[in-house]
Amino acid sequence: MSSTHTVPLKIYFGVFIALCVLTGVTVWTAKHDYGALNTPVALAIAGLKASLVILFFMHVKYSSKLTQLFAFAGFFWLVLLLVFTLQDFMTRGMLPTYVFKH
Amino acid sequence: MSDHAHSTVGLAHHFDDLEQQKESGTLGMWAFLITEVLFFGGLFGAYAVYRSSYPDAFMRASAQLDVNLGGINTIVLIVSSLTMALAVYAAQKGSKGGIIAGLVGTWVFGAAFLVVKYFEYKHKWEHHLIPGPNFLFPDAHGVGQHGTPEQLYFALYFAMTGMHAFHMIIGLVILVWMMKKARRGDFTVHNYALVENFGLYWHFVDIVWIFLFPLLYLIGAHSGTPGAPH
């Protein structure tokens, strides 16, 4: 039965150590200035940490296809929410403003 | 079917077997977590919009936070996620003592997180960093100014970390209830869905913090501005 799959203990401890190391990495990178890449670097590390938690601590790697689809759909919708909001706010003022004359 | 009777303990009548029951429970939990993702997603969206409007103010405001306390709390929360994962592991193995140990560990580290959070909030209260009429943010000369855009950052800081802490308080209450059930021997190798689904909730709360930590504590860390002017 796939749903009673037991994740080996060494995977739990391995993920735990990886999460601690990545926390240190994100603090270390934050002290350096990469210009426009500061936030993307921070989000990439956070995304990697979140993926480890979702796949192993939350067992999604070993779950049914339907559960995996649900988990993916939730975060996909979040991306839609953020991308469509930001494509408005970050492009404001990029086009010239037309003044209508009567 | 008497030879299969042992595997139907805890089976609700509207499910075919325990596998289907467990699968439905996991799916229902994920449906709930999706609503939680989008709920916190709205807060992260508001953060993205206001930070893109006031990037420098957000960096200055972020530098007022204590990176060490935030970092320690990140590790504390990761440890509590590990102990929660170990509680689920113990439940799968049918180890009653293991479940209780995992739940107690999760509770202790969860409570430790909130204690650190309390001292952080207290510090902000004392330094006039609570949005409102008494909000004062130090300018270049260290003189407190009213109504600066840094107030937006702190409004989001308290909304996001406050909602996160609220989720943890609810989690601690549920953990106590689960400890009682575990002591009573309610969880068996065939019936531990509550432990597993609460684990999903707890790990989700951990994920929210994984994003809150860099976005709230670390965005001003490269600017060389030392922490709050105490």
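Up top you'll find the structure we're talking about.
Below is a short write-up of the structure. Owing to the predicted nature of the structure, the values given are computational and were not obtained by experimental measurement.

Broken down by element type, chain B carries 6 helices and 2 strands. When the helices and strands of chain B are read in sequence order from the N terminus, they spell out α-α-α-α-β-β-α-α. Taken over the C-alpha trace, chain B has a radius of gyration of 22 Å; the compact-globule value for 230 residues is 17 Å, which it surpasses by more than 25%. Overall, the C-alpha framework of chain B stretches about 80 × 30 × 30 Å when taken along its three principal axes. Here chain B holds 230 residues, and the buried ones make up 50% of them. A fraction of 77% describes how many contacts in chain B between residues 6 or more apart in sequence connect residues 24 or more apart. Of the roughly 10,200 Å² of accessible surface on chain B, a fraction of 66% belongs to carbon and sulfur atoms.

As a further point, take helix α1 (residues 18-53) of chain B. For α1 of chain B, with 36 residues, the first-to-last C-alpha span of 52 Å sits near the 52 Å given by 1.5 Å per residue. For α1 of chain B, the side-chain oxygen to backbone nitrogen distance between the N-cap and Glu 19 of chain B is 3.3 Å, and the N-cap itself is Asp 17 of chain B.

Positionally, His 222 of chain B belongs in the segment after α6 (193-217). Given the relative accessible area of 19%, His 222 of chain B is considered buried. If sequence neighbours within four positions are ignored, His 222 of chain B has contacts with Ala 30, Lys 31, His 32, Asp 33 and Asn 38 of chain A together with Met 59 of chain B.

Turning our attention to the pattern of salt bridges. For the coordinates displayed, the defined rule picks out 7 salt bridges over all chains. Note that Arg 92 of chain A is salt-bridged to Asp 88 of chain A, the shortest N-O span being 2.9 Å. The exposed category is assigned to Arg 92 of chain A, whose relative accessible area is 53%. A residue is classified by how much of its surface remains accessible, and Asp 88 of chain A, at 30% relative accessible area, is partly exposed. Here Arg 184 of chain B makes a salt bridge to Asp 186 of chain B, at a shortest N to O gap of 2.7 Å. Overall, the relative accessible area of 60% leaves Arg 184 of chain B in the exposed class.

A separate point is the packing of aromatic side chains. Each aromatic ring pair is characterised by the separation of its centres together with the angle its planes make. Applying the stated criterion to the full structure yields 23 aromatic pairs over all chains. Here the aromatic rings of Tyr 118 of chain B and Phe 119 of chain B are separated by 5.1 Å at their centres, their planes lie at 70°, and the arrangement is edge-to-face. Judged by relative accessible area, which is 49%, Phe 119 of chain B ranks as partly exposed. Taking NZ or CZ as reference, Arg 92 of chain A lies 4.3 Å from the ring centre of Phe 89 of chain A, over its face.

Rules behind the numbers
- Residues numbered from 1 in each chain as written.
- Chains lettered and ligands numbered in written order.
- Predicted model: local features only at pLDDT ≥ 70, side-chain atom pairs only at ≥ 80, totals over all residues.
- Heavy atoms only, no water.
- Helix = DSSP H or I, 4+ residues; strand = E, 2+ residues; numbered from the N terminus.
- Rg over C-alpha atoms; globule rule 2.2 N^0.38 Å.
- Buried < 20%, exposed > 50% of the residue type's maximum accessible area, 1.4 Å probe, protein only.
- Contact = heavy atoms within 4.5 Å.
- Areas by Shrake-Rupley, 256 points an atom, 1.4 Å probe, with all protein chains shown as cover.
- Expected span 1.5 Å × (residues − 1).
- Polar contact = N/O pair within 3.5 Å; in protein donor to acceptor, adjacent residues only side chain to side chain.
- Salt bridge = Lys/Arg side-chain N within 4 Å of Asp/Glu carboxyl O.
- Phe/Tyr/Trp six-rings, centres within 6.5 Å; stacked < 30°, edge-to-face > 60°.
- Lys NZ or Arg CZ within 6 Å of the ring centre and 35° of its normal.

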